[in-house]
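Report on the structure
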Amino acid sequence: MHIERMHRTLKYLYMGGKHVKRLDLGIHAIMQFVRDKLLDRLITINKGKLSRKLKDLGNCHVSSEKLSFEMILPDETGWQVVSGSSPQKYFVNRIKTECQCNLTCSDCQNVCLHQYTCTCIDASVKWNMCKHIHLMCRYLQSKSIAIESTEAQNPDV
Ligand SMILES: [Zn+2]
Ligand SMILES: [Zn+2]
Ligand SMILES: [Zn+2]
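As recorded in an unreviewed UniProt entry, the protein chain goes by SWIM-type domain-containing protein and comes from Exocentrus adspersus.

Structural data, given as structure tokens:
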């Protein structure tokens, strides 16, 4: 019954109800079907996780507010965040500018967790938008606001 249902789905949804004789077209339809099924499964599995991830993200933003911009040092490829209390250093890099996902921080101009990387455990192992990334976003945001306001004061420049 399962196989028959799969056959019908394939025939009507993926091959437009036509009798396909060409093997390559048949394989293409099967591959699309498998991809869609895997995606369905991924979405169902991650439904609960998504809201938890967003909650973690908000918490990290709050903890980033305890960090100061003075901890940021420019680096060849990105920035270093030096923790005040320990000799530990973290490297933050910007990797993407555009992403369509929903795992964004509304306080950081909707930057999502895929746009930056950080070498701390929170980001590199647990795959969170860590407090260093929020700190970086807030820092860049404050800098762009500063540039905008100086431009507004000197419209000729
Ligand atoms: Zn944030
Ligand atoms: Zn993203
Ligand atoms: Zn980090």
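Structure shown, so let's carry the discussion forward.
Looking only at helices and strands, the protein chain has four helices and six strands in total. The helix and strand sequence of the protein chain, counted from the amino end, reads α-α-β-β-β-β-β-β-α-α. Computed over the C-alpha atoms, the radius of gyration of the protein chain is 23 Å, more than 25% above the 15 Å expected from 2.2 N^0.38 for a compact globule of 157 residues. Principal-axis analysis of the C-alpha atoms places the extent of the protein chain at approximately 70 × 45 × 30 Å. The contacts in the protein chain between residues at least 6 apart in sequence include a share of 48% that link residues at least 24 apart.

This part takes up the nonpolar core. Nonpolar side chains in soluble globular proteins tend to be buried together. In terms of nonpolar packing, the biggest core is built from 23 residues, with V92, Y116, C118, M129, I133 and C137 touching the most fellow members. Listing elements by their share of this core, those giving two or more residues are β2 (79–82), β6 (116–118) and α4 (131–153). For this core, the leading source of residues is α4, giving five residues. Those residues in contact with C118 that lie beyond four places of it in its chain are Y90, F91, V92, A123, S124, C130, H132 and I133.

Mapping Q141 onto the fold places it in helix α4. For Q141, the contacting residues outside a window of four places in its chain are D107, C108 and Q109.

A few words on the coordination of the zinc ion (ligand 2). Angles between donor atoms at a metal ideally measure 109.5 degrees for a four-coordinate tetrahedral arrangement and either 90 or 180 degrees for a six-coordinate octahedral one. In this structure, C99 (SG), C101 (SG), C112 (SG) and H114 (ND1) serve as the protein donors to the zinc ion (ligand 2), at separations of 1.9 to 2.3 Å. In this structure, the zinc ion (ligand 2) is surrounded by four donor atoms whose angles at the metal cover 104 to 118°, and the resulting shape is tetrahedral. Summarised as a motif, the one-chain spacing of the donors to the zinc ion (ligand 2) is C-x1-C-x10-C-x1-H.

The rules behind the values
- In every chain, residue numbers begin from 1 and rise along the written sequence.
- All chains are assigned letters beginning with A, and all ligands numbers beginning with 1, in the order in which they are written.
- Totals for whole chains, interfaces and linings use every residue, but because this is a predicted model, local features are given only for residues with pLDDT of at least 70 and side-chain atom pairs only at 80 or more, for both listing and counting.
- With hydrogens and water excluded, all non-hydrogen atoms of the structure serve as input to the side-chain values.
- Starting at the N terminus, helices and strands are each numbered in turn, a helix being any DSSP run of H or I of at least four residues and a strand any DSSP run of E of at least two.
- Our radius of gyration looks at C-alpha atoms and nothing else; its globule reference is 2.2 Å times the residue count to the power 0.38.
- Only heavy atoms matter for contacts: two residues are in contact if any of them lie within 4.5 Å across the pair.
- By convention a nonpolar core is built from buried Ala, Val, Leu, Ile, Met, Phe, Trp, Tyr and Cys residues, the set being connected through side-chain atoms within 4.5 Å.
- Relative accessible area decides the class of each residue, using a 1.4 Å probe on protein chains only: under 20% of the type maximum gives buried, over 50% gives exposed, and in between gives partly exposed.
- Metal donors were taken as nitrogen, oxygen and sulfur atoms no farther than 2.8 Å from the ion, or 3.2 Å where the ion is Na, K or Ca. Water is excluded, so coordination may look unfinished.
- Square planar and octahedral sites, with four and six donors, are those where opposite donors lie more than 155 degrees apart and all other angles lie between 65 and 115, tetrahedral sites have four donors with every angle between 85 and 135 degrees, and the rest are irregular.

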